[in-house]
Number of protein chains: 2
Amino acid sequence: MTPEPEDSIRAAGLRVTTQRLAVLEALTEFPHADTDTVHQRVRLSQPDITLQSVYVVLAALTEAGLIRRIEPAGSPARYERRIGDNHHHAICTRCGAVQDVDCAVGEAPCLEPSEAGGFVIQTAEVTYWGLCPACQSSTR
Amino acid sequence: MTPEPEDSIRAAGLRVTTQRLAVLEALTEFPHADTDTVHQRVRLSQPDITLQSVYVVLAALTEAGLIRRIEPAGSPARYERRIGDNHHHAICTRCGAVQDVDCAVGEAPCLEPSEAGGFVIQTAEVTYWGLCPACQSSTR
DNA sequence: CACTTATTGTTAGCTATTCATAATAGAGCT
DNA sequence: AGCTCTATTATGAATAGCTAACAATAAGTG
């Protein structure tokens with residue numbers, strides 16, 4: 001089903017490198033990881049990769065449309081492999097945990113503003129802010 | 001109608017300072033200004049105010065709920081005086097212009113996710129991405 | 001007007017990110 | 001398999017945006 005990472009990288013016109021494969025693998029394991037988390041995970045298989053290279057790889061994969069970058073307020077940028085289905089995110093205001101939220105409509109823009117002051121809207125990005133299950137119980 | 005800035009600052013339990021008044025005035029003139037823009041505007045009346053002080057003032061006013069901070073992806077933080085009506089924003093993908101978009105519902109959360117993975121949702125933040133009128137015409 | 005303490009000015013520092021350039025390694029060709 | 005070209009990565013440095021520490025100042029209270 002899911003195309004092999006190697007194939008999707010190649011299909012995007014990019015060279016297949018161990019670094020890129022490792023980054024995609026890291027994002028599979030941590031679906032909303034920030035650059036630092038990706039770096040740490042990738043170092044398990046490639047101890048010498050630099051953080052800067054991780055930045056470059058993430059930028060290349062984002063540019064190619066293989067991953068998506070999200071930038072929640074107050075958090076460093078995060079990346080995810082789930083793309084193409086215009087889903088949204090719930091973010092915990094206490095711990096920053098990110099949870100995918102299916103979009104009812106499915107395709108962008110899932111919402112049409114009543115009046116957008118002449119803007120031509122391409123996508124609507126919805127961020128739900130609240131408390132994750134863990135932070136609800138460990139209250140206060 | 002609109003309460004005097006001085007009164008709302010006092011009502012929030014904060015001291016009324018010329019810096020805070022000037023920052024609120026700047027945000028009236030530039031409704032989605034970033035810190036730098038606020039600083040430049042404030043310097044017209046207070047040439048010696050530092051950028052750091054503007055940061056502190058903006059943080060204090062945000063904390064007090066007198067202004068709201070928005071952090072669009074790829075842009076420095078912006079601030080606005082329009083608060084309490086849970087409206088949303090349309091942002092130009094080319095020039096970064098921000099436009100208020102009324103919320104159909106009015107109160108947060110204006111959207112309820114069908115399934116939020118156990119999250120207790122407090123607010124829903126909607127960002128519309130598109131082209132502003134100016135960038136539509138100056139195409140390509 | 002004096003006093004107390006919130007607020008601001010000053011200086012320093014930090015985090016997330018980008019950039020320039022040299023070194024390296026995919027991938028097509030022979 | 002080896003060669004070559006060029007995309008990609010490593011290295012080192014720099015930047016923007018923001019926060020922190022602490023001394024100087026001024027708002028508000030009696």
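Source: prediction; values computed, not measured.

A.B. asks: What is the right way to look at the sheet that holds strand β1 (residues 33-34) of chain A in this model?
C.D. replies: For sheets, the rule is that strands pair by backbone hydrogen bonds, running either parallel or antiparallel. Residues and elements named next belong to chain A. The three strands lie next to each other as β1-β3-β2, forming an open sheet whose pairing is antiparallel. The open sheet has two free edges, formed respectively by β1 and β2 (68-70), since each of these has just one partner strand. Two strands pair when backbone bridges link them, and β1 and strand β3 (residues 78-80) are joined in this way by two bridges, in the antiparallel orientation. Bridge assignment links D34 to a residue of β3, and that residue is R78.

A.B. asks: What is the right way to read the protein's contact with DNA strand C from this model?
C.D. replies: Around DNA strand C there are 19 residues in total, and V16(A), R15(B), T17(B), R20(B) and S53(B) lie nearest to it. Among the atoms of DNA strand C close to the protein, meaning within 4 Å, 68% are from sugar or phosphate groups. Contact between DNA strand C and A77(A): a phosphate oxygen at 3.1 Å from a main-chain N or O atom of the residue. Residue Q19(B) places a side-chain N or O atom 3.0 Å away from a sugar or linking oxygen belonging to DNA strand C. Counting residues per element, the ones that place at least two in the surface near DNA strand C are α4 (51-63) of chain A together with α2 (18-29) and α4 (51-63) of chain B. The leading source of residues in the surface near DNA strand C is α4(B), at three residues.

A.B. asks: What is the right way to look at the sheet that holds strand β4 (residues 98-101) of chain B in this model?
C.D. replies: Spatially, six strands are ordered β5(A)-β4(A)-β6(A)-β5(B)-β3(B)-β4(B) in an open sheet, and the strand pairing comes out mixed. Lying at the two open borders of the sheet, with one neighbouring strand each, are β5 (98-101) of chain A together with β4 of chain B. Neighbour-to-neighbour, the strand axes of the sheet open up by a mean angle of 25°, direction not taken into account. In this sheet, strand β6 (residues 120-131) of chain A lies alongside strand β4 (residues 88-92) of chain A in parallel orientation, the contact comprising four bridges. Note on β6(A): the bridge partner recorded for H89(A) is T127(A).

A.B. asks: I tried to follow the relation of the copies chain B and chain A on my own but got confused; where do I start?
C.D. replies: Put simply, the second copy of the chain is the first one after a rotation about an axis and a shift along it. Superposition record for chain B on chain A: RMSD 0.1 Å, screw rotation 180°, translation along axis 0.0 Å. Given the turn and translation reported, the copies of this chain are related as if by a two-fold rotation axis. Every residue of chain B has its C-alpha some distance from the rotation axis, and the shortest such distance is that of V126(B), at 2.3 Å. Both copies share a contact surface, since 100% of the interface residues of chain B are interface residues in chain A too.

Parameters and conventions
Residues numbered from 1 in each chain as written. Chains lettered and ligands numbered in written order. Predicted model: local features only at pLDDT ≥ 70, side-chain atom pairs only at ≥ 80, totals over all residues. Heavy atoms only, no water. Pairing = 2+ DSSP bridges. Helix = DSSP H or I, 4+ residues; strand = E, 2+ residues; numbered from the N terminus. Near = heavy atom within 4 Å. Polar contact = N/O pair within 3.5 Å; in protein donor to acceptor, adjacent residues only side chain to side chain. Axes fitted to C-alpha atoms, helices over the stretch in contact; angles between N-to-C directions. Least-squares fit on C-alpha atoms with pLDDT ≥ 70 in both. Contact = heavy atoms within 4.5 Å.

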